[in-house]
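Chains, contacts and geometry: an overview
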Amino acid sequence: MALTREQLIDTAVDVLSKFGLADLSMRRLARELEVQVGALYWHVKSKQELLVDVAAKLLGSVPRPATPAPATAPMAIASLLQQLRTALITVPDSAEVIQLAQSMRPDALAPLGWLLEFLQLAGIPREQAPFARHLLLNHLLGSIAAHQEAQALAGMPEAEGNTAELGQEAFEYGVRVILQGLSLEHAAVGT
């Protein structure tokens with residue numbers, strides 16, 4: 001049976017989910033798929049290209065929200081960010097994979113386009129909306145990475161007291177503060 005790009009992506013997501021990014025190598029994928037490494041390169045040019053596809057697959061479970069009215073755009077942004085966090089939080093190193101994909105091909109990650117659209121509906125000028133998105137994504141991905149690191153260190157005697165849980169409450173607080181700050185920034189600019 002011939003290998004498909006979809007099988008390759010699904011296997012990569014599976015390896016990432018079970019073992020993390022350090023174990024997601026092209027050799028490992030070839031072994032898992034019972035093919036030669038060269039066969040993988042018929043479907044992707046590089047591991048980085050594959051990681052963009054993995055990121056898109058990870059975010060593929062997030063449904064497109066209804067386009068909000070300008071007055072409700074901040075709530076829609078917070079809700080979308082929460083859905084993204086939920087989709088990524090249990091997958092080891094997902095923040096790093098999304099960061100790479102965002103740097104290489106943000107257009108491949110549909111929810112990033114929705115976030116940009118909602119920010120503009122919330123009153124962020126078109127030329128500054130990418131900056132606002134960048135700020136919110138850094139908070140999202142940092143929150144996920146901190147949570148995963150705290151989980152990995154939990155129970156280690158040498159980490160006792162140093163792994164303050166930066167969980168859901170901290171994430172929501174950060175989103176709220178960023179959105180309020182953006183609102184104040186652009187209200188002041190508009191006056």
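Heads up: the structure comes first, above all this text.
Residues numbered from 1 in each chain as written. Predicted model: local features only at pLDDT ≥ 70, side-chain atom pairs only at ≥ 80, totals over all residues. Heavy atoms only, no water.

Description of the overall build of the protein
Along its length, the protein carries 9 helices and 0 strands. Overall, the protein shows an N-to-C arrangement of helices and strands of α-α-α-α-α-α-α-α-α. Dimensions of the protein along its principal axes, counting C-alpha atoms only, are 65 × 45 × 25 Å. Considering the protein as a whole, with its 191 residues, one finds that 40% of them fall into the buried category. A fraction of 70% describes how many contacts in the protein between residues 6 or more apart in sequence connect residues 24 or more apart. Within the structure as shown, the protein displays about 10500 Å² of accessible surface, and the carbon and sulfur contribution to it stands at 57%. Positive and negative side-chain charges of the protein, numbering 14 and 20 respectively, have mean locations separated by a distance of 7 Å. (Helix = DSSP H or I, 4+ residues; strand = E, 2+ residues; numbered from the N terminus. Buried < 20%, exposed > 50% of the residue type's maximum accessible area, 1.4 Å probe, protein only. Contact = heavy atoms within 4.5 Å. Areas by Shrake-Rupley, 256 points an atom, 1.4 Å probe, with all protein chains shown as cover. Lys, Arg positive; Asp, Glu negative; His and termini not counted. Charge placed at Lys NZ, Arg CZ, Asp CG, Glu CD.)

Observations concerning helix α6 (residues 94-104)
Since the α-helix turns once every 3.6 residues, residues separated by three or four places project in the same direction. Residues Ser94, Ala95, Val97, Ile98, Ala101 and Gln102 constitute the buried set of α6. Down the axis of α6, the buried set is contained in an arc of 160°. They therefore lie on one face. In this fold, the buried residues of α6 make contact with α1 (5-19), α4 (47-59), α5 (73-88), α7 (110-121) and α8 (129-153). (Arc of directions from axis to C-beta.)

What about the pattern of salt bridges?
Scanning the entire structure with this criterion turns up 8 salt bridges. A salt bridge links Asp53 to Arg5; the shortest N-O distance between them is 2.3 Å. Note that Asp53 is positioned in helix α4 and Arg5 in helix α1, a separation of 48 residues in sequence. Residue Asp53 is classed as buried on the basis of its relative accessible area, which comes to 14%. When its relative accessible area of 31% is taken as the criterion, Arg5 is described as partly exposed. Glu117 is the salt-bridge partner of Arg64, the closest N and O atoms lying 2.9 Å from each other. (Salt bridge = Lys/Arg side-chain N within 4 Å of Asp/Glu carboxyl O.)

A short note on unusual backbone geometry
Of note in the backbone geometry, Glu34 takes a positive phi value of approximately 55° without being a glycine. Along the polypeptide, Glu34 turns up in the loop between α2 (26-33) and α3 (37-40). Positive phi is not limited to glycine here, since Asp93 has a value of about 60°. One can find Asp93 in the loop between α5 and α6. Look at Asp93 and you get partly exposed, because its relative accessible area is 29%.

Some words on the side chain of Gln102
By the element assignment, Gln102 lies in helix α6. If we ignore the near neighbours within four places in the chain, the residues touching Gln102 are Leu109, Leu112 and Leu137.

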